[in-house]
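# Chain and residue survey
Listed below are the residues making up each chain.
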Amino acid sequence: MPTDSLVLKRHFKAPPEKVFAAFADKALMQAWYGPEHATIPHCEVDARVGGRYRVEMHAASGAVHVVTGEFREIHPPERLVYTWGWLNGTGRGPETVVTLTFASKGGGTDLTLEQTGFLTEDARDRHNEGWTSSLNALDAALSGRLKPQTPQPTLLGDPRSTYVRSARMAFAEKGIACRLDVHPPHSPEILALNPFGKMPTYRCGDLSLYETSAIIRHVDETLPGPALMPADPAARARAEQWISVLNCYAYPSIVRNYVLQYVFPRGAEGQPDRATIEAALPEIRKILGALDRAVDARDFLVGDSLTIPDILMLPMLAYLKAMPEGREMMAAVPDLRRATDRLAERPSYVAATQAPAAS
C-alpha cells in the first residue's frame, strides 16, 4: 500500500441510502462519528458541493479534536468525496481527501473508504486505527446501539458574571462547544469544585478547575483553534501584566466597588452606597487611563489580535458603560471606548452574553 493512501472496506446491514446519510446528515453524524470512545456534542454540516463541515470529537479524558473540510462530490447514495484536516493551535494541519463509495449488496451496503494525501506512514496508520473504531461505531449506530455520552466541557456559574462571560468567550473563540450549568456562588455545586465558592468552576472528564485565568489558559493550551496568548516572550509577558492588572485592580474597583453597588444596592434605604462608589471612581479612572494608553490606535491590549487580557477586560467594561458615571468615564478614554465597542461585536462575546440553552 502506498504511504499516502488508506483503503478500508466494510459491509453494513443497512441500505446505501441510510449509510450514505450517516456521513452527510448532522443529526446522524452526531450519533456515531469519530472513534468509539468519542462523542460529538457539536458539529456543523453543509452537505453540498463546496459546502463545509466541522466536527468536534470529545473524548472521556477531556481531550477535544476538531476536523474540518469541504465537500467536493456528492452523488447520493453511491459516492461522497470531501477533504479532511485537523485543527491545531496554529491553524489547520495537512489536508487529505476522503472518498466513500456505497454499493448495494445482499440487502445491505458494501462501503469502500479511501483516504489519500498522507505525508507519513504514521499519520496513515493513526487514521487507519481511528477509522476502524469509527466504522465500528457506525455499525453499532445503524443497529440502534448509540454511543454512550462522554462528559462535555462544562462551566458552572451565573451567566451574568463577568468572569463566567470571559470563560464562555474563550471557548467560543476556540470554536468549542461548552455547556453552562447555572449555579450561584457558594452553592453546593460550586463549593464541590472550589472551596472558596467563587465562579466559574470547570469540569470535563476527570479534570476540574477554578479561577478564570487558569480555566482560559487550559482552554488555550489544550484545545484547537486560534491562540489566545502571544508567542513572542515580550508580548506574552505584557499580556501576563494586563491579566494581573485586570484581576487585582480592575475587578475590585470596577465590578465589586462600583457596578455591584448599583446592581445590588446595600446603602441606606436600599440605595447604592455612595461612599463606596465615590471612593472607587478615582481608581477606576486611573485604570481606564492605563488601558486606554495600552490600546492606543489598535483594537487590542497586546499586539494585533485578541488575547486573554481582552477577554477578561471586555465584560467588566461592558457593565461599566451601562452605569451612570460609567458613560462619562468611558467618553474620556476614546481609544479604549472604540476598542471595546469593536470587541463587543465579536460573535464570541455575543454568544457569551446569551442565556444558556436548556438541557
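Going by the structure above, here's the rest.
These remarks concern the structure in this document. (Residues numbered from 1 in each chain as written. Predicted model: local features only at pLDDT ≥ 70, side-chain atom pairs only at ≥ 80, totals over all residues. Heavy atoms only, no water.)

## Description of the overall build of the chain
Secondary structure summary: the chain contains 12 helices and 13 strands in total. Taken along its principal axes, the extent of the C-alpha atoms in the chain is 80 × 40 × 30 Å. Scored against the burial criterion, the 359 residues of the chain give a buried share of 48%. Restricting to contacts in the chain with at least 6 residues of sequence separation, those with at least 24 account for 59%. Of the accessible surface of the chain, which amounts to about 16,800 Å², a share of 54% is contributed by carbon and sulfur atoms. Within the chain, the 42 negative side-chain charges are centred at a point lying 2 Å from the centre of the 39 positive side-chain charges. (Helix = DSSP H or I, 4+ residues; strand = E, 2+ residues; numbered from the N terminus. Buried < 20%, exposed > 50% of the residue type's maximum accessible area, 1.4 Å probe, protein only. Contact = heavy atoms within 4.5 Å. Areas by Shrake-Rupley, 256 points an atom, 1.4 Å probe, with all protein chains shown as cover. Lys, Arg positive; Asp, Glu negative; His and termini not counted. Charge placed at Lys NZ, Arg CZ, Asp CG, Glu CD.)

## Details of the sheet that holds strand E11 (residues 179-182)
Strand pairing in a sheet relies on backbone hydrogen bonds, with the paired strands running either antiparallel or parallel. Spatial strand order, E11-E10-E12-E13: 4 strands in an open sheet with mixed pairing. At either end of the open sheet lies a strand with only one pairing partner, and these are E11 and strand E13 (207-210). Geometrically, the sheet is characterised by an average inter-axis angle of 20° between neighbouring strands, direction not taken into account. Direction of pairing for strand E12 (residues 201-204) relative to E13: antiparallel, over a ladder of 4 bridges. Opposite tyrosine 202, over in E13, you have leucine 209 as the bridge partner. Against the sheet, helix H4 (residues 162-174) touches strand E10 (154-157), E11 and E12, its axis set at about 165° to E10. Set on the sheet, helix H6 (residues 212-222) makes contact with E10, E12 and E13; between it and E13 the angle comes to about 135°. (Pairing = 2+ DSSP bridges. Axes fitted to C-alpha atoms, helices over the stretch in contact; angles between N-to-C directions.)

## A short note on the pairing of strand E8 (residues 96-105)
Inspection of the sheet shows strand E6 (residues 79-88) paired to E8 by 6 bridges, in the antiparallel sense. Each residue of the ladder has a partner; that of tyrosine 82, found in E8, is valine 98. Sheet analysis places E8 next to strand E9 (residues 108-116), joined by 9 bridges and oriented antiparallel. Of the residues in E9, the one forming a bridge with alanine 103 is aspartate 110. Taking the residues that link successive antiparallel strands as the turn, the E8-E9 hairpin has 2 residues, and the phi of glycine 106 there is positive, at about 55°.

## So, helix H3 (residues 121-142)
Across its 22 residues, H3 extends 31 Å between first and last C-alpha, which sits within 8% of the 32 Å expected from 1.5 Å per residue. Those residues of H3 lying buried are Ala123, Arg124, His127, Trp131, Ser133, Ser134, Leu135, Ala137, Leu138, Ala140, Ala141 and Leu142. Structurally, H3 contributes buried residues whose contacts are with strand E1 (5-12), helix H1 (16-21), helix H2 (26-32), E6, E8 and E9. Just downstream of H3, glycine 144 is the residue with a positive phi angle, here 90°. (Expected span 1.5 Å × (residues − 1).)

## Thoughts on the pattern of salt bridges
Within this structure, the stated rule accounts for 24 salt bridges. Between arginine 274 and glutamate 278 there is a salt bridge, with the nearest N and O atoms lying 2.7 Å from each other. Within this pair, arginine 274 and its partner glutamate 278 are both found in helix H8 (residues 274-295), separated by 4 residues, close to a single helical turn. Judged by relative accessible area, which is 36%, arginine 274 ranks as partly exposed. On the basis of relative accessible area, glutamate 278 is assigned to the partly exposed category, the value being 43%. Where salt bridges share partners, they join Asp299, Asp335, Arg338 and Arg342 into one cluster. (Salt bridge = Lys/Arg side-chain N within 4 Å of Asp/Glu carboxyl O.)

## Focus on the layout of surface pockets
It is a probe the size of a water molecule, rolled over the atoms, that shows where empty space is left. Taken as a whole, the largest pocket holds about 960 Å³ of empty space. Taken together, 26 residues line the largest pocket, and the ones lying closest to its centre are Ser161, Met199, Tyr251, Val255 and Leu260. At the level of elements, H4, H6 and helix H7 (233-263) are the ones that each hand at least two residues to the lining of the largest pocket. In terms of residues, the lining of the largest pocket owes the most to one element, H7, which gives 8 residues. Residues that form the lining of the largest pocket fall into these classes: 12 nonpolar, 8 polar and 6 charged. (1 Å grid on protein atoms, 1.4 Å probe; cavity = no way out; pocket = protein on both sides within 12 Å on 5 of 7 lines; lining within 4 Å. Points joined across faces, edges and corners; volume = space filled by probe spheres on them. Nonpolar A, V, L, I, M, F, W, Y, C, P; charged D, E, K, R; others polar.)

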